[in-house]
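Okay, here's what each chain looks like letter by letter:
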Amino acid sequence: MTEPVQGGGASHGSRDEHVKHFCDEVLAWSKGNLRTFPWRTKRTSQYRHVVTELLLQRTRAGTVAEHYHEFFEVFPSWKSLEQSPIKLVEKRLKPLGLYKRRSVTLKNLASVMVRKNGRF
């Protein structure tokens, strides 16, 4: 059961209605205002989403976007990332910063994901 939202005002809708309205407003706003990035497509794989989230930590989105396609051409899957030498991963991550830490994190994650057949 939902309870009415407390507070003044003429609207007495449920909390769920307010949340839905808020979400609808944010989505409508986003259609004309969000920046376009290669990872914001419906066809982006789970692998690319996860790796991109790691790449975006403490790095500007524009910088990640500049190196996005090249990175995934070299490392198209968890397996390719796992099997690549750490020095190659570091080289591809260097323009993004924190490349030593990120390369270890990505290699470790790739090893786990290969063992789990890509399932979290």
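Residues numbered from 1 in each chain as written. Predicted model: local features only at pLDDT ≥ 70, side-chain atom pairs only at ≥ 80, totals over all residues. Heavy atoms only, no water.

A. Region of interest: the overall build of the protein. Counting its regular elements, the protein contains six helices and zero strands. N-terminal to C-terminal, the α/β element order of the protein is α-α-α-α-α-α. In terms of overall size, the protein is more extended than a compact globule, its C-alpha atoms giving a radius of gyration of 20 Å where 120 residues would be expected to give roughly 14 Å. With the C-alpha coordinates of the protein rotated into their principal frame, the extents come out at 65 × 30 × 25 Å. Looking at the 120 residues of the protein, the share that counts as buried comes to 28%. In the protein, 52% of the contacts between residues at least 6 apart in sequence involve partners at least 24 apart. Per element, the accessible surface of the protein, about 8,800 Å² overall, is 54% carbon and sulfur. (Helix = DSSP H or I, 4+ residues; strand = E, 2+ residues; numbered from the N terminus. Rg over C-alpha atoms; globule rule 2.2 N^0.38 Å. Buried < 20%, exposed > 50% of the residue type's maximum accessible area, 1.4 Å probe, protein only. Contact = heavy atoms within 4.5 Å. Areas by Shrake-Rupley, 256 points an atom, 1.4 Å probe, with all protein chains shown as cover.)

B. Up close: the pattern of salt bridges. Applying the stated criterion across every chain yields a total of four salt bridges. For Lys-100, the salt bridge goes to Glu-90, with nearest N and O atoms at 3.8 Å. Of this pair, Lys-100 sits in helix α6 (residues 99–115) while Glu-90 is found in helix α5 (residues 86–93), placing the two residues ten residues apart along the sequence. For Lys-100, a relative accessible area of 47% puts it in the partly exposed group. Overlapping salt bridges bring together Lys-87, Glu-90 and Lys-100 as one network. (Salt bridge = Lys/Arg side-chain N within 4 Å of Asp/Glu carboxyl O.)

C. How the structure looks around the confidence of the model for the protein. Chain-level pLDDT for the protein is 90 on average; 90% of the residues reach the 70-or-more range. With pLDDT under 50 throughout, residues 1–5 is counted as low confidence; its partners more than four residues away or in other chains account for ten contacts. (pLDDT = per-residue confidence, 0-100.)

D. A look at the packing of aromatic side chains. In total, this model carries seven aromatic pairs according to the counting rule given. On the basis of an interplanar angle of 5° and a centroid distance of 4.7 Å, the ring pair of Phe-37 and Trp-39 is categorised as stacked. Given a relative accessible area of 9%, Phe-37 falls into the buried group. (Phe/Tyr/Trp six-rings, centres within 6.5 Å; stacked < 30°, edge-to-face > 60°.)

E. Focus on the side chain of Thr-63. Position of Thr-63 among the secondary structure elements: in helix α3 (residues 61–74). The residues contacting Thr-63, other than those within four sequence positions of it, are Pro-95 and Leu-96.

F. Looking closely at the nonpolar core. Ranked by internal contacts, the top residues of the largest apolar core, which has 21 residues, are Tyr-47, Val-51, Phe-71, Trp-78, Leu-81 and Leu-106. Only α2 (46–56), α3, α4 (78–83), α5 and α6 provide two or more residues apiece to this core. In contact with Val-51, not counting residues within four places along its chain, are Phe-71, Phe-72, Trp-78 and Leu-106. (Core = buried A, V, L, I, M, F, W, Y, C linked by side-chain atoms within 4.5 Å.)

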